[in-house]
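A look at the structure
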Amino acid sequence: MFLNLHSVLRATNLKLIYFSSRKMLQFQFYIGFILHKFAFLLPADEHSCPLPTSNPELTSLRPLAKIYQDESELFRGLVGRRTFVDKTAFIKHFLDIREQLVLVAPPNFGKSTNLHMLKHFFQIPVDSRGANLTSVMAEKAAFFGNLSICKNHPSICLSHLSSAPVVFLDLESVNGSTPTEFHETFRSEVERMFRAHGYLSKSESLSAFNKEEFAAYESHSQRPHRTIGFYKCGVDVLTRLLFTHHRRKCILLVDNFDRLAVAAMLGKDEENLLPVEVDDIYFSLGKTAKHSEFVSRTLLTGVFRMGSHRQWHDANLFYHSIFADPQISQHYGLTLAEVETLIGRLGRSKEHSNVDLHGIKHYFDGYRISDKQIKIFNTGTVVGYLEGADEDDLIPSLPLFSIYKPLFRFELLGEHLQEAGEHGTNLAPQWVISITDLFQLREAVNANVTNFNGTHDKDLLVQLLQEAGYFTITARHPNGSVHLEIPCLAVKEAYEDLVYHDEFFVIEEEKLERELEADATKNNTHGHKGKKKGL
């Protein structure tokens with residue numbers, strides 16, 4: 001099961017001095033065996049993932065005739081485009097960090113692209129029975145050999161390319177229109193995650209019991225009514241099975257981590273079942289990411305910093321915005337120099353290129369990094385602009401805000417949002433936003449002026465707007481609060497489209513009329529007093 005490094009090195013003409021001994025391999029195998037066995041003997045608690053009690057038929061597994069390797073089409077397809085910007089140096093940063101990260105950023109800053117890049121780089125290519133494919137490993141070495149990570153850090157490629165099983169879970173397709181739809185779509189994504197490692201059903205390293213576990217998650221045909229409580233443990237189970245097969249710890253990657261909470265918010269859940277289930281999933285994922293003996297590194301990404309407020313969860317995962325640290329931000333979005341490079345690749349005239357650059361700087365500008373003057377541009381909007389996309393489509397409105405639209409009424413949060421849009425605002429952001437927070441904010445939609453919890457609801461809504469990209473942080477204060485401003489003209493227009501509506505202007509006009517009437521009455525009163533005094 002260990003990698004044939006000689007074949008890879010011959011194919012890429014790279015040199016490596018490495019140490020390998022039979023005793024060392026035996027020791028690693030023995031330690032892995034002990035971890036695997038004793039994982040079943042850990043004391044259970046109320047949040048533990050249960051062991052399967054059913055015995056699904058192994059024949060229910062679909063035939064495995066194809067080669068199982070990572071789905072790399074997305075990343076490899078991007079590399080061949082003129083608009084591709086090499087961010088593979090992020091692989092080194094990913095290896096250097098020690099935290100189990102949740103990275104948040106507005107849409108189109110490259111979160112999904114970087115996750116697919118990590119998956120393609122680390123994933124061990126195997127055939128339908130789980131045997132390593134050295135020819136594919138060599139091809140991957142040649143592919144990455146042309147990118148910055150291997151050009152500038154060849155030792156990293158020699159040590160880590162095709163070196164680990166990767167668990168990749170994308171939650172984008174989870175649909176919360178009803179609790180039933182939420183369950184089915186979440187189950188579907190977990191099953192898809194297992195099917196990507198279908199070779200485990202034929203692995204000689206897995207016991208019959210292990211294969212029963214795998215079959216239970218790979219297909220629900222035998223038990224169609226399994227609950228969320230079963231599927232929330234899928235990541236924990238799969239990482240253990242992959243370790244048993246590969247004798248290597250897994251890398252865990254989760255895209256659209258916040259989608260679960262947003263999906264639950266967008267649907268009809270009259271009995272409020274989903275908040276508890278979403279919180280359970282977040283807690284379970286966080287626990288696996290931080291404490292599993294079978295996971296070496298974790299990266300979860302999303303727009304909003306969603307998670308569980310339950311005890312220990314905050315200590316499990318480290319939430320970080322790409323705008324908070326230049327060491328992270330350099331791997332996301334585009335710097336001005338990278339924008340200029342992209343424009344140069346298009347082969348346009350100097351005059352046309354200057355017009356493009358001026359338009360991007362004027363219309364899109366950039367997002368501030370930390371408390372510095374450094375800015376990064378949104379990759380999706382810049383590329384879309386250069387490719388001639390409709391400017392109205394470059395900054396899409398997120399569905400979550402359609403729920404909170406009534407809160408934008410002038411007498412509730414509209415006046416504050418108007419002031420924030422024109423002059424900026426201060427915010428003390430929450431470290432983690434829970435599904436309960438989102439539901440409580442939705443309850444405020446039905447509030448009126450007399451019972452509206454303005455301060456908490458205002459801060460939470462502004463934080464959601466900031467994380468969605470409507471604000472950039474221009475200053476950080478010692479007490480942890482930040483100052484926000486709208487980053488550019490394009491976002492300002494999108495923000496106004498979101499916040500302002502017919503009812504907003506009606507209320508604002510009525511307020512203005514009342515103020516004018518009050519001023520007129522006040523002036524008349526002063527005039528009468530003056531006349532009396534003159535008499």
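For the structure itself, look to the data block above.
Residues numbered from 1 in each chain as written. Predicted model: local features only at pLDDT ≥ 70, side-chain atom pairs only at ≥ 80, totals over all residues. Heavy atoms only, no water.

1. Things to note about the overall build of the protein chain
- A tally of regular secondary structure across the protein chain gives 25 helices and 10 strands.
- Residues counted as buried form 51% of the 535 residues belonging to the protein chain.
- For the protein chain, the exposed surface amounts to about 25,800 Å²; the carbon and sulfur share of it is 52%. (Helix = DSSP H or I, 4+ residues; strand = E, 2+ residues; numbered from the N terminus. Buried < 20%, exposed > 50% of the residue type's maximum accessible area, 1.4 Å probe, protein only. Areas by Shrake-Rupley, 256 points an atom, 1.4 Å probe, with all protein chains shown as cover.)

2. Details of helix α10 (residues 208–218)
- Among the 11 residues in α10, 8 count as buried, and that is most of the element.
- Residues N210, K211, E213, F214, A215, A216, Y217 and E218 constitute the buried set of α10.

3. Examining the state of the cysteines
- Following the criterion strictly, the structure yields 1 disulfide and no others.
- A sulfur-sulfur separation of 1.8 Å characterises the disulfide bridge that pairs C150 with C157. Residues C150 and C157 are joined through a disulfide that is left-handed, its torsion about the S-S bond being -100°.
- Taking the relative accessible area as the measure of exposure, C150 reaches 12% and is therefore buried.
- Since its relative accessible area comes to 6%, C157 is described here as buried. (Disulfide = S-S within 2.5 Å.)

4. Considerations on unusual backbone geometry
- Positive phi values are uncommon outside glycine, yet N108 reaches one of about 75°.
- You will see that D365, though not glycine, has its phi angle at about 45°, which is positive.
- Structurally, D365 can be placed in the loop between α18 (350–363) and β6 (367–368).
- Among the residues examined, D365 registers a relative accessible area of 23% and is labelled partly exposed.

5. Quick word on the sheet that holds strand β10 (residues 482–485)
- Read across the sheet, 3 strands follow the order β8-β10-β9 without closing on themselves; strand pairing throughout is antiparallel. The strands lining the two open edges of the sheet, one partner per strand, are β8 (425–427) and β9 (472–476). For this sheet, the mean inter-axis angle between neighbouring strands, taken without regard to orientation, is 40°.
- In this sheet, β10 lies alongside β8 in antiparallel orientation, the contact comprising 3 bridges. Its bridge partner being in β10, T425 is matched across the sheet by L484. (Pairing = 2+ DSSP bridges. Axes fitted to C-alpha atoms, helices over the stretch in contact; angles between N-to-C directions.)

6. With respect to the packing of helix α13 (residues 259–266) against helix α22 (residues 435–443)
- Look at α13 against α22: their axes get within 10 Å of each other, and the N-to-C directions meet at 30°. When the axis of α13 is compared with that of α22, the two are roughly parallel. α13 and α22 meet at a crossing whose hand is right-handed. Judged by residue contacts, A261, A264 and M265 of α13 engage I435, L438, F439 and R442 from α22.
- In the contact of α13 with α22, the residues fall into 6 nonpolar, no polar and 1 charged. (Parallel < 35°, antiparallel > 145°, perpendicular 65-115°, else oblique. Left-handed = near helix turned anticlockwise from the far one by under 90°. Contact = heavy atoms within 4.5 Å. Nonpolar A, V, L, I, M, F, W, Y, C, P; charged D, E, K, R; others polar.)

7. Comments concerning the side chain of R305
- On the secondary structure map, R305 appears in the loop between β4 (295–302) and α15 (313–316).
- On the basis of relative accessibility, which here comes to 11%, the residue R305 falls in the buried class.
- Polar contacts involving the side chain of R305 include one to the main-chain carbonyl oxygen of W431, which spans 3.3 Å.
- Of note is the side chain of R305, whose polar atom sits 2.8 Å from the side chain of E467.
- In contact with R305, not counting residues within four places along its chain, are V104, Y319, H320, S321, Q430, W431, V432, I433, Q463 and E467. (Polar contact = N/O pair within 3.5 Å; in protein donor to acceptor, adjacent residues only side chain to side chain.)

8. Details of the pattern of salt bridges
- Applying the stated criterion to the full structure yields 10 salt bridges.
- Across the pair E191 and R195 runs a salt bridge, and its minimum N-O distance is 3.9 Å. Highlighted residues: E191 and R195, both in helix α9 (residues 179–195), separated by 4 residues, approximately one helical turn.
- With relative accessibility at 6%, the residue E191 sits in the buried group.
- With relative accessibility at 27%, the residue R195 sits in the partly exposed group.
- Ionic pairing is found between D356 and R348, a salt bridge with its closest N-O pair at 2.3 Å.
- By relative accessible area, D356 is classed as buried at 7%. (Salt bridge = Lys/Arg side-chain N within 4 Å of Asp/Glu carboxyl O.)

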